[in-house]
Amino acid sequence: MSLTRAERTIIVSMWSKISTQADLIGTETLERLFSCYPQAKTYFPHFDLHTGSAQLRAHGSRVVAAVGDAVKSIDNVTSALSKLSELHAYVLRVDPVNFKFLSHCLLVTLASHFPADFTADVHAAWDKFLSIVSGVLTEKYR
């Protein structure tokens, strides 16, 4: 699956807005993930998962930064996220379905933060892009 030129433009344009609120969006995305998919908490036994905790904010920031790395390397997401893929597959052993859950939670968070900008085309482009990101993060499992 690859992105069209129009989808790439949408992703990069929307990223310029997302990046200004990256920490907040990352934190809210993780809070939503742990609320909707509590089984994801098993990968964070050492974290304080209470709303707004410092550890949640820090990890949320790292998650959105990784998405930013993928946006910056939109033509080669595999290379941009290769080390992260290895970490999650070989060291952390995260169940691959969690990347889909996280992608869904990020889409909902983006829609709530940017309701006027989050049109059907933006939603479709970001859904496709996050599917690519999820695919890259799970490719080491194969």
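Residues numbered from 1 in each chain as written. Predicted model: local features only at pLDDT ≥ 70, side-chain atom pairs only at ≥ 80, totals over all residues. Heavy atoms only, no water.

As recorded in an unreviewed UniProt entry, the chain goes by Hemoglobin subunit zeta and comes from Bos indicus x Bos taurus. Taken directly from UniProt, the Function (unreviewed entry) text for the chain runs: "The zeta chain is an alpha-type chain of mammalian embryonic hemoglobin." Here the chain is described in UniProt, under the heading Sequence similarities (unreviewed entry), as follows: "Belongs to the globin family." (UniProt positions renumbered as here; feature names shortened; annotations may be inferred.)

Here helix α5 (residues 97-113) spans 25 Å end to end across 17 residues, near enough to the 24 Å set by a 1.5 Å rise per residue. Restricting attention to buried positions, one finds in α5 the residues N98, F99, F101, L102, S103, C105, L106, L107, T109 and L110. (Helix = DSSP H or I, 4+ residues; strand = E, 2+ residues; numbered from the N terminus. Expected span 1.5 Å × (residues − 1). Buried < 20%, exposed > 50% of the residue type's maximum accessible area, 1.4 Å probe, protein only.)

Moving on, we come to the pattern of salt bridges. Inspection of the entire model under this criterion finds three salt bridges. Between R8 and D75 there is a salt bridge, with the nearest N and O atoms lying 2.9 Å from each other. Taken together, the residues R8 in helix α1 (residues 5-18) and D75 in the loop between α3 (54-72) and α4 (77-91) connect sequence positions 67 residues apart. Since its relative accessible area comes to 28%, R8 is described here as partly exposed. For D117, the salt bridge identified is with K17, shortest N-O distance 3.0 Å. (Salt bridge = Lys/Arg side-chain N within 4 Å of Asp/Glu carboxyl O.)

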